[in-house]
Amino acid sequence: MPELPEVETVRRGLQPVLEGARIERVETRRPNLRYPFPDRFGERLEGRKITSLGRRAKYLIADVEDAPLLICHLGMSGSFRVETDEGSAAPGNFHHERSKSEAHDHVVFHVADPKGVSARVVFNDPRRFGFMLFAERNGTEHPMLQGLGVEPTGNTLDGELLAHLFEGKKTPLKAALLDQRLIAGLGNIYVSEALWRAGLSPTRAAGTIADNGKVAKERATLLATSVREVIADAIAAGGSSLRDYVHTDGSLGYFQHSFSVYDREGEPCAHSGCAGHIERIVQSGRSTFYCRQCQR
């Protein structure tokens, strides 16, 4: 499933096309994706301007004037493609290849910018685990967004907050970082990378970095910094494609070449002076990559 940097890359790729554009027509080529489309889905969007395109965790959120908020999730295989008279491009770079088959084009937004230049924004999703739903503007947070934790971007996530979130928790550190109720948007790849940068074992009890001692505070600060930095680095590089996906400007994302532990089982640890090797273990049914020697 795409992680936060991939979703943010998609948002940034779509932003210049969608923000300020008017939705002229919406094609839904099937009645549902993961969930049925809301009643009168296209009708409630057509003729209205998209005022902003945001992101919360792994959700894209379009603010459409005089309409409900549009919440989009890519699911496991979803992607957007922008088509203009000059050609097409797919914003976002993913660890697993995205479909290019038009048979899986399920939603098409026909939009026009303030100058009248038209474009088609196509949602393609072979597995149909993605979805598009409405959030009504009644002050009540949509169930999909309720209970989400702090965003792992900016300076909000610091050592003090991380220690507070993990206080008393006996669950493994990796599981705590993946808990969307605590930190929103973190996924398997970047948690492994952040733990390696911080030199902390994914099997360590989360509460051990929440003690009052000096060492625990240093660990919490280092982990919070590592999380923010690995996410920022990935966003700057355009996500984690190992394939040939391109941004709307044609550039590729190369953060995948900077993976230090993910998918590197058996390779030497890249930490200076460490003689260990990267191991793979399974936690909660998911692969974890780490160096037993330098991650304690």
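Each value, and the rule that gives it
- Residues numbered from 1 in each chain as written.
- Predicted model: local features only at pLDDT ≥ 70, side-chain atom pairs only at ≥ 80, totals over all residues.
- Heavy atoms only, no water.
- UniProt positions renumbered as here; feature names shortened; annotations may be inferred.
- Helix = DSSP H or I, 4+ residues; strand = E, 2+ residues; numbered from the N terminus.
- Buried < 20%, exposed > 50% of the residue type's maximum accessible area, 1.4 Å probe, protein only.
- Salt bridge = Lys/Arg side-chain N within 4 Å of Asp/Glu carboxyl O.
- Disulfide = S-S within 2.5 Å.
- Patch = residues over 30% accessible without salt bridge, like charges linked within 9 Å, V, L, I, M, F, W, Y side chains within 5 Å.
- Areas by Shrake-Rupley, 256 points an atom, 1.4 Å probe, with all protein chains shown as cover.
- Expected span 1.5 Å × (residues − 1).
- pLDDT = per-residue confidence, 0-100.
- Contact = heavy atoms within 4.5 Å.
- Pairing = 2+ DSSP bridges.
- Axes fitted to C-alpha atoms, helices over the stretch in contact; angles between N-to-C directions.

### Concerning the UniProt feature "binding site: DNA" (unreviewed entry) in the chain
The UniProt record marks H104, R127 and K169 with the feature "binding site: DNA" (unreviewed entry), using the residue numbering of this structure. Here K169 is to be found in the loop between α3 (159-166) and α4 (173-178). Residue class for K169 comes out partly exposed when judged on its relative accessible area of 29%.

### Considerations on unusual backbone geometry
Positioned with a positive phi, R128 is a non-glycine residue whose angle comes to about 60°. By the secondary structure assignment, R128 is in the loop between β8 (118-124) and β9 (131-135). The phi dihedral of D263 is positive, around 65°, even though this residue is not glycine.

### A word on the pattern of salt bridges
Pairing between side chains of opposite charge can happen when their charged atoms approach one another. The full count for this structure, using the stated rule, is 18 salt bridges. The residue R12 makes a salt bridge to E8 at a minimum N-O spacing of 2.8 Å. Pair noted here: R12 and E8 are both in helix α1 (residues 4-18), with a separation of four residues, about one helical turn. For E65, the salt bridge goes to R22, with nearest N and O atoms at 3.2 Å. Of the two residues, E65 sits in the loop between β3 (59-64) and β4 (69-73) while R22 sits in strand β1 (residues 22-28), which places them 43 residues apart along the sequence.

### Quick look at the state of the cysteines
Applying the stated criterion across every chain, the model contains zero disulfides. C269 takes part in no disulfide bond, and the closest cysteine sulfur to it belongs to C294, at a distance of 3.6 Å. Taking the relative accessible area as the measure of exposure, C269 reaches 7% and is therefore buried. Free of any disulfide, C291 has its nearest neighbouring cysteine sulfur in C274, separated by 3.6 Å. Its relative accessible area of 0% is what places C291 among the buried residues.

### Some details on a nonpolar patch on the surface
On the surface, a nonpolar cluster with roughly 280 Å² of combined accessible area is contributed by M1, M76 and F129. Checked against the element boundaries, M1 lands in the segment before α1.

### Considering α1
Along its 15 residues, α1 runs 20 Å from first to last C-alpha, staying within 8% of the 21 Å computed at 1.5 Å per residue. The buried count for α1 comes to 11 of 15 residues, which makes it a mostly enclosed element. Turning to α1, its buried residues are L4, P5, E6, V7, E8, T9, V10, R11, G13, L14 and L18. Downstream of α1 by a residue or two, G20 has a phi angle that is positive, lying close to 90°.

### Observations concerning the confidence of the model for the chain
In this model, the chain carries an average pLDDT of 89, and 89% of its residues clear a pLDDT of 70 or more. For the chain, per-element mean pLDDT is lowest for strand β6 (residues 87-89), which scores 63, and highest for α4, which scores 98. In the predicted structure, residues 241-254 sits below a pLDDT of 50 and forms 50 contacts with residues beyond four places in sequence or in another chain.

### Overview of the UniProt feature "active site" (unreviewed entry) in the chain
UniProt records the feature "active site" (unreviewed entry) at P2, E3, K58 and R286, using the numbering of this structure. By the element assignment, K58 lies in the loop between β2 (50-56) and β3. Apart from the residues within four sequence positions on either side, K58 is in contact with P2, E3, L4, V7, C72, H73, G185, L186 and G187. Within the secondary structure layout, R286 lies in strand β11 (residues 286-291). In this structure R286 comes out as partly exposed when scored by relative accessible area, which is 41%.

### A few points about the sheet that holds β4
Taken in spatial order, the four strands line up as β2-β3-β4-β9 in an open sheet, and their pairing is antiparallel. Edge positions in the sheet fall to β2 and β9, since each of these pairs with one other strand and no more. Between one strand axis and the next, the sheet turns by 25° as a mean value, whatever way the strands run. Here β3 pairs with β4 via four bridges, running antiparallel. Residue Y59 lies in a different strand from β4, and its bridge partner there is H73. Each of β2 and β3 touches α1; the most contacted strand, β2, lies at about 175° to it.

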